[in-house]
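# Structure at a glance
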Amino acid sequence: MNIFKKLYCRVFQTGFKIALPLLPYRTPKQLRSVTDIPEVLKSKKIDSVLLVTDGGIMSLGLTKPLEECLSANGIRCAVYDKTVPNPTTANVDEALQIYRDNACGALIGFGGGSSMDCAKAVGILVAKPGKTLADVKGILKVHKKLPLLIAVPSTAGTGSETTLAAVIVDSETRHKYAINDFPLIPRYAVLDPKVTLSLPPRITSTTGMDALTHAVEAYIGRSTTAGTRKDACTAVALIFENLDKAVFEGTDVTARRNMLKASFYAGCAFTKTYVGYVHAVAHSLGGEYNIPHGQANAILLPVVLEAYGDVIYGKLKRLAIEAKLATEETDSETAAKAFIAAIKDMLVRYNIGSTLKGIREEDIPKLATYADKEANPLYPVPVLWNAEELRRFYYAVMEKEENHADQ
């Protein structure tokens, strides 16, 4: 990256860091179970809610305890269960109509990031009647307070229950865009391990690695605060202590609850201080090839950390200590390399692999340009790279064709 672009990026990031304490971030209040939701609703005199989820969640019966609990407390629950993995404006419009038809007073986003994004988008249109989602895309255009929003994550990884963003796809143009504003942060996050008990090992491991990536990128960035560093360290400690149990002993309620906490704290950290090139590259791969975000993050994380080199050894040492991989007496380089090696071991242990299928070499320049535009100047990364320099990461994780010729 040339010196002028580097200067621009660092000035932009410094300005954001200075403004950080003045911005109206808030942390969602934690609830331990979906059975705690009725008390919150009754305290706010809300007797009708819209539950936004997807067909997979409904088919597993995961929402039944919540629906039964609401009914027992005299709270009507309308359901929208047609959210797709990349929620569309059509999804939002359909859910909004149900919200209005049932005179709802609150929204519950139940599932992964897509269901929460859809619920957030419905809240935007309730708060800003007459506006379209395209009118408020970008940063800080919502302004108005949303209806009460409660997030119930069904995976321990996305951190969507803590963020100020919703990503929506225009149903007609297929254009994908983000809406970012502080009113989109849910008021409550329900960290109920029972919701995650049925997750298979593959999803448990990749979403757990997604949470680890959030924590690591938030910690090694240049715009951290004492609070975000504490949250990131807490998340890393919880992940290294509990992810194995959650993956291999899926009914371990304590491990499942601790992974939800890890995702929550990692989400709180990156919401304020952003992520880095791991996410930028992973997002471009997900958009082009529909590669699962957690899988892409997991595989890219050790590759990008190694590329940063000794610039991050000191910070990785602290994370290695939190993960019980090093002590204060361990030198920084040894501790940092132990931390990266542990991540690689996790990829093997969880059978995630070290490469991604489907990446086409001819696409790499375009994908690297997307990653560059996403990351620079916004992400306060330890080392700045331009699009050309980012191409190496696609090559590093691209599955190579094997020579199957007869020996």
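Let me begin by describing the structure that accompanies this report. Nothing here was measured: the structure is a model prediction, and the numbers come from that model. (Residues numbered from 1 in each chain as written. Predicted model: local features only at pLDDT ≥ 70, side-chain atom pairs only at ≥ 80, totals over all residues. Heavy atoms only, no water.)

### Side note on the packing of aromatic side chains
Counted under the stated rule, the structure contains ten aromatic pairs. Taking the centre distance of 5.4 Å and the plane angle of 55° together, the rings of Phe16 and Tyr274 count as tilted. Of this pair, Phe16 sits in helix α1 (residues 3-19) while Tyr274 is found in the loop between α9 (253-273) and α10 (277-289), placing the two residues 258 residues apart along the sequence. Tyr274 sits in the partly exposed class, given a relative accessible area of 22%. Joined through ring pairs, the aromatic side chains of Tyr277, Tyr308, Trp385 and Phe393 make up one cluster. Between Lys137 and the ring centre of Tyr177, over which it is positioned, the NZ or CZ distance is 5.5 Å. (Phe/Tyr/Trp six-rings, centres within 6.5 Å; stacked < 30°, edge-to-face > 60°. Helix = DSSP H or I, 4+ residues; strand = E, 2+ residues; numbered from the N terminus. Buried < 20%, exposed > 50% of the residue type's maximum accessible area, 1.4 Å probe, protein only. Lys NZ or Arg CZ within 6 Å of the ring centre and 35° of its normal.)

### Description of the sheet that holds strand β5 (residues 138-139)
Read across the open sheet, the three strands follow the order β5-β8-β7; overall the sheet is mixed. The strands lining the two open edges of the sheet, one partner per strand, are β5 and β7 (165-169). Pairing analysis gives two bridges linking β5 to strand β8 (residues 176-180), with the strands arranged parallel. Bridge pairing in β8 links Gly138 to Ile179. (Pairing = 2+ DSSP bridges.)

### Describing helix α8 (residues 226-248)
The first and last C-alpha atoms of α8 sit 34 Å apart over 23 residues, in line with the 33 Å expected at 1.5 Å per residue. Of all the bends found along α8, the most pronounced is centred on Asn242 and spans about 45°. The set of residues buried in α8 consists of Thr228, Asp231, Ala232, Cys233, Ala235, Val236, Leu238, Ile239, Asn242, Leu243, Ala246 and Val247. Looking at the buried positions of α8, the neighbouring elements they touch are α7 (201-220), α9, α12 (313-322) and α13 (332-349). (Expected span 1.5 Å × (residues − 1). Bend = angle between axes of the 7 residues up to and from the residue. Contact = heavy atoms within 4.5 Å.)

### Digging into the state of the cysteines
Applying the stated criterion to the full structure yields zero disulfides. Not engaged in a disulfide, the cysteine Cys69 finds its nearest cysteine sulfur in Cys77; these two sulfurs lie 11 Å apart. Residue class for Cys69 comes out buried when judged on its relative accessible area of 14%. This cysteine, Cys118, is not joined by any disulfide, and Cys104 carries the nearest cysteine sulfur, 13 Å off. (Disulfide = S-S within 2.5 Å.)

### A few points about a positive patch on the surface
Together, Lys29, Lys44, Lys145 and Arg187 give the surface a local cluster of positive charge. Considering the arrangement of structural elements, one finds Arg187 in the loop between β8 and β9 (188-190). (Patch = residues over 30% accessible without salt bridge, like charges linked within 9 Å, V, L, I, M, F, W, Y side chains within 5 Å. Areas by Shrake-Rupley, 256 points an atom, 1.4 Å probe, with all protein chains shown as cover. Salt bridge = Lys/Arg side-chain N within 4 Å of Asp/Glu carboxyl O. Lys, Arg positive; Asp, Glu negative; His and termini not counted. Charge placed at Lys NZ, Arg CZ, Asp CG, Glu CD.)

### Looking at the nonpolar core
Counting residues in hydrophobic clusters, the biggest one holds 82 residues, and the most contacted among them are Met209, Tyr277 and Leu285. If we ignore the near neighbours within four places in the chain, the residues touching Met209 are Leu243, Ala298, Ile343, Met346, Leu347, Tyr350 and Ile352. (Core = buried A, V, L, I, M, F, W, Y, C linked by side-chain atoms within 4.5 Å.)

### Topic: the side chain of Glu161
Tracing the chain through its elements places Glu161 in the loop between β6 (148-153) and β7. Of the side chains with opposite charge, Lys120 comes closest to the buried, unpaired Glu161, at an N-O distance of 8.0 Å. Setting aside chain neighbours within four positions, we find Glu161 in contact with Pro28, Met116, Ala151, Pro153, Pro186, Ala189, Ser263 and Phe264.

### Let's talk about unusual backbone geometry
Pro377 follows Asn376 through a cis peptide bond whose omega is 15°. Structurally, the position occupied by Pro377 is in the loop between α14 (364-375) and α15 (387-397). A positive phi angle, close to 50°, is found at Ala103, a residue other than glycine. Within the secondary structure layout, Ala103 lies in the loop between α5 (89-101) and β4 (106-111). You can call Ala103 exposed: its relative accessible area is 59%. Non-glycine residue Lys324 carries a positive phi angle of around 60°. The exposed category is assigned to Lys324, whose relative accessible area is 71%.

### Considerations on the pattern of salt bridges
Inspection of the entire model under this criterion finds ten salt bridges. Ionic pairing is found between Glu288 and Lys366, a salt bridge with its closest N-O pair at 3.1 Å. With Glu288 in helix α10 and Lys366 in helix α14, this pair connects stretches of sequence that are 78 residues apart. Overall, Lys366 belongs to the partly exposed group, its relative accessible area being 33%. In this structure, Lys337 engages Glu333 in a salt bridge whose closest nitrogen and oxygen atoms are separated by 2.7 Å. Of this pair, Lys337 and Glu333 both sit in helix α13, separated by four residues, roughly a single helical turn. Counted as one network, the salt bridges with shared partners bring together Glu288, Arg360, Asp363 and Lys366.

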